[in-house]
Amino acid sequence: MPARGEGTRSMKIVRDLLAIVLVVGVALLAATAGRDRAFAHKEKHTPDQLKAFEDIFIDQVKIGDLLFHGDGDTEKRMGAQLSKTGMACAMCHPFASDTHPHEFPKFQEQINKFATLRDMINWCIEKPNEGIKLAEDSDAMKALEAYIYWSNRGSKLDAGRH
Amino acid sequence: MARTLSAPEAKPDRSMAITRRTFLHKSLLTAGITAGATTYGWLPLINTVDLAFGQTAFKFAWLSDTHLYPKDVNTRFVEKTVRAVKEIQAMNPPADFLIFGGDLAQLADPVELDLGADILKEVKIRKVFIPGEHDWYLDMGQKWERLFGKSPWTFDHKGVRFIGLDTVSRGPDYWTAKKMTPKERMGHMATLDGSVAGAWAGVGRDQIQWLSTTLGNWPKDRPVVIFTHNPLYEYYPPWNFWVRDWREVHEALKSFKNVTNIHGHVHQVLYNEIGNIRSIGMLATSWPWPYAPEGVPALTKCHLRVDPGDHYDGVGWSQLTMGAAGKIETEYVMWRKKEHLIGEAAVDSGCGDNVNQILSPRLADREWPFYGAYK
């Protein structure tokens, strides 16, 4: 049976080892966070976090709104040319009406294929507007998509409807 | 709306009923007519009107919403305006007059207005004009009035009193406090779904007073036709598909049995009746607006969905006939709809998707320095 002094020393060593493991673990987590992946839902969200998420979305909505309404400065900044006819998206789709984002994907008559909203956005840019179509994962495409979805967000999801 | 606001049994006098007719692609008004109290539908293709009130039948043409850009920006709208003008000039027998219903230009640029004036010179019949907001807010109507004269105006023709009102120039001042340039002011006005220009469409107390005075000596049972750019009722205020003082206008007109309001701005087949007043929306030559997400009058039979890949679909002009039997007929000359104009089934109807379309007003143009489109 170990003497009382030896037991206390052993417990101290274990405690120190645990502390070291904890510090190293936290340091590793801190070092990897934001590199390869973001860790989500490990803590309760703060109001500041939620506002930050919303701000990121609404910023994209506003950029998409400006692109959708033919703002030349925004197009230039995004490297986009959405129209060569003077026409803007909103001239046929005020409030992004008749874009029906909630109905995609679906068979789209004009394109004659099963299409996504991004396909249709590019068709409108190329055909009626005679502009230059966007890369599907471009910032301008995502902003346009954000605005169209945001403006129609009260509509019921109805994928595939003609 | 009509149910709520109309007195029991109140309807426009059927002597000017709009009738259903088959579209004739060459715009001839010779097809058989089925008149009757139940025939609200009409098949538009050109904007012309046949009118007659116990006298000689006659017709006139409506052209509006050409939205011309300078030729180096867009020739598409120029080509369509030229086509409409040629067709109007070729009407046989000729129309008694042409009413141009506003939005000749896109941004009220003098180049656009001069271009429009040049094209319209090809129409040799009498022409009368009312302005649209796209013609006005660069120089507050100076160029427009130099070219086409002032509104309101009135004239009597073959038993009908015609009136032209200005529904665009009395917008609230949204530009001075923000020190906007004339181009910025025009840009906001030219954005149908913009949040800055507000409820700009209105007739104004001065014109309503003028209207009452002008009609003071006109028999209550004789027909009155009022041309406006915006509809004289509340369809969809966020896009100024109304005039804000439409109730006062209706009050001034309520003692007349036979009032027809013919309007532009909406770029779509549209029909409504409130009390004794009927309103008929005309097509644009430039592009069709979608039906608003709410407020489409129950009496409207929406046109077929438009093909956005075809610049000549969903657009055109109109001819209206006042026949000797006392009927007013509207015939829309929509260039690409040959056999069918009206979409009865939801899947074909231009307003069929409105049942599941809840939309939001813009955000970006409410914030400084986000000053939206058309800088």
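Model, not experiment: these values are computed from the prediction. (Residues numbered from 1 in each chain as written. Chains lettered and ligands numbered in written order. Predicted model: local features only at pLDDT ≥ 70, side-chain atom pairs only at ≥ 80, totals over all residues. Heavy atoms only, no water.)

Considering the pattern of salt bridges
Then, in step 1: This structure, assessed with the given rule, holds 21 salt bridges over all chains.
Then, in step 2: Glu103 of chain A is paired through a salt bridge with Lys106 of chain A; the nearest N and O atoms lie 3.1 Å apart.
Then, in step 3: On the basis of relative accessible area, Lys106 of chain A is assigned to the buried category, the value being 5%.
Then, in step 4: A salt bridge links Asp158 of chain A to Arg161 of chain A; the nearest nitrogen and oxygen atoms lie 3.5 Å apart.
Then, in step 5: Through salt bridges with shared partners, a single ionic network connects Glu103, Lys106, Asp158 and Arg161 of chain A together with Arg305 and Asp353 of chain B. (Salt bridge = Lys/Arg side-chain N within 4 Å of Asp/Glu carboxyl O. Buried < 20%, exposed > 50% of the residue type's maximum accessible area, 1.4 Å probe, protein only.)

Brief notes about the state of the cysteines
Then, in step 1: Applying the stated criterion across every chain, the model contains one disulfide over all chains.
Then, in step 2: The thiol of Cys89 of chain A is not disulfide-bonded; the next cysteine sulfur, from Cys124 of chain A, is found 7.2 Å away. (Disulfide = S-S within 2.5 Å.)

Comments concerning the interface of chain A and chain B
Then, in step 1: On the chain B side, the residues contacting the 42 residues of chain A number 39 residues.
Then, in step 2: In total, about 3,400 Å² of surface goes out of reach between chain A and chain B, with carbon and sulfur atoms giving 54% of it.
Then, in step 3: Across the chain A-chain B interface, the total number found is three salt bridges.
Then, in step 4: One salt bridge connects Asp65 of chain A with Arg362 of chain B, and the closest N-O pair in it is separated by 2.5 Å.
Then, in step 5: Where chain A touches chain B, the interface holds 19 residue pairs in polar contact (both at pLDDT 80 or more).
Then, in step 6: Every element with two or more residues in the side of chain A that touches chain B is listed here: helix H2 (47-68) and helix H5 (139-151) of chain A.
Then, in step 7: For the side of chain A that touches chain B, the element with the highest residue contribution is H2 of chain A, accounting for five residues.
Then, in step 8: Tallied by class, the residues present in the side of chain A that touches chain B amount to 15 nonpolar, 15 polar and twelve charged. (Contact = heavy atoms within 4.5 Å. Buried area = accessible area lost by both parts, 1.4 Å probe. Polar contact = N/O pair within 3.5 Å; in protein donor to acceptor, adjacent residues only side chain to side chain. Helix = DSSP H or I, 4+ residues; strand = E, 2+ residues; numbered from the N terminus. Nonpolar A, V, L, I, M, F, W, Y, C, P; charged D, E, K, R; others polar.)

Thoughts on the pairing of strand E5 (residues 153-157) of chain B
Residues and elements named next belong to chain B.
Then, in step 1: Burial along E5 is one-sided: the face carrying Trp153, Phe155 and His157 is buried and the face carrying Thr154 and Asp156 is not.
Then, in step 2: Summarising the sheet, E5 and strand E6 (residues 160-164) pair through five bridges and their orientation is antiparallel. Bridge assignment links His157 to a residue of E6, and that residue is Val160. (Pairing = 2+ DSSP bridges.)

Brief notes about the packing of helix H6 (residues 205-214) of chain B against helix H7 (residues 246-253) of chain B
All names here are of chain B.
Then, in step 1: Look at H6 against H7: their axes get within 10 Å of each other, and the N-to-C directions meet at 10 degrees. Here H7 runs roughly parallel to H6, going by the angle between their axes. For the crossing formed where H6 meets H7, the hand is right-handed. The residues of H7 that touch H6, namely those facing Ile208, Leu211 and Ser212, are Glu248, Val249, Ala252 and Leu253.
Then, in step 2: Among the residues making up the contact of H6 with H7, the classes are represented as five nonpolar, one polar and one charged. (Axes fitted to C-alpha atoms, helices over the stretch in contact; angles between N-to-C directions. Parallel < 35°, antiparallel > 145°, perpendicular 65-115°, else oblique. Left-handed = near helix turned anticlockwise from the far one by under 90°.)

A look at the environment of Met282 of chain B
Then, in step 1: Position of Met282 of chain B among the secondary structure elements: in the loop between strand E10 (277-281) and strand E11 (316-322).
Then, in step 2: Once the C-alpha coordinates of Met282 of chain B and Lys59 of chain B are considered, the two residues, 223 residues apart in sequence, prove to be 15 Å apart.

Looking at unusual backbone geometry
With the exception of glycine, most residues fall at negative phi, and the peptide bonds are largely trans.
Then, in step 1: Each neighbour pair has its own omega, and for Phe104 of chain A with Pro105 of chain A the value is -5 degrees, a cis peptide bond.
Then, in step 2: On the secondary structure map, Pro105 of chain A appears in the loop between helix H3 (72-78) and strand E1 (106-108).
Then, in step 3: For the peptide bond that leads from Ser151 of chain B to Pro152 of chain B, omega is 0 degrees, which places it in the cis range.
Then, in step 4: Its place among the elements puts Pro152 of chain B in the loop between helix H4 (142-148) and E5.
Then, in step 5: For Asp65 of chain B, which is not glycine, the phi torsion reads 55 degrees and is therefore positive.
Then, in step 6: Within the element layout of this structure, Asp65 of chain B appears in the loop between strand E2 (58-63) and helix H2 (76-89).
Then, in step 7: Even without a glycine there, the phi angle at Asp103 of chain B is positive, about 60 degrees.
Then, in step 8: For Asp103 of chain B, a relative accessible area of 1% translates into the label buried.

Observations concerning the packing of aromatic side chains
Then, in step 1: Considering all chains together, one arrives at 28 aromatic pairs over all chains under this definition.
Then, in step 2: Here the aromatic rings of Trp153 of chain B and Phe227 of chain B are separated by 6.3 Å at their centres, their planes lie at 50 degrees, and the arrangement is tilted. One end of the pair, Trp153 of chain B, is in strand E5; the other, Phe227 of chain B, is in strand E7 (residues 224-228), and 74 residues separate them in sequence. The same class applies to Trp153 of chain B as to Phe227 of chain B, namely buried.
Then, in step 3: Chaining the aromatic ring pairs together yields one cluster made of Phe58, Phe60, Trp62, Phe97, Trp153, Phe155, Phe162 and Phe227 of chain B.
Then, in step 4: The ring of Phe104 of chain A is capped by Lys106 of chain A, whose NZ or CZ atom sits 4.9 Å from the centre of that ring. (Phe/Tyr/Trp six-rings, centres within 6.5 Å; stacked < 30°, edge-to-face > 60°. Lys NZ or Arg CZ within 6 Å of the ring centre and 35° of its normal.)

Function cannot be inferred from these measures alone, as they are strictly geometric.
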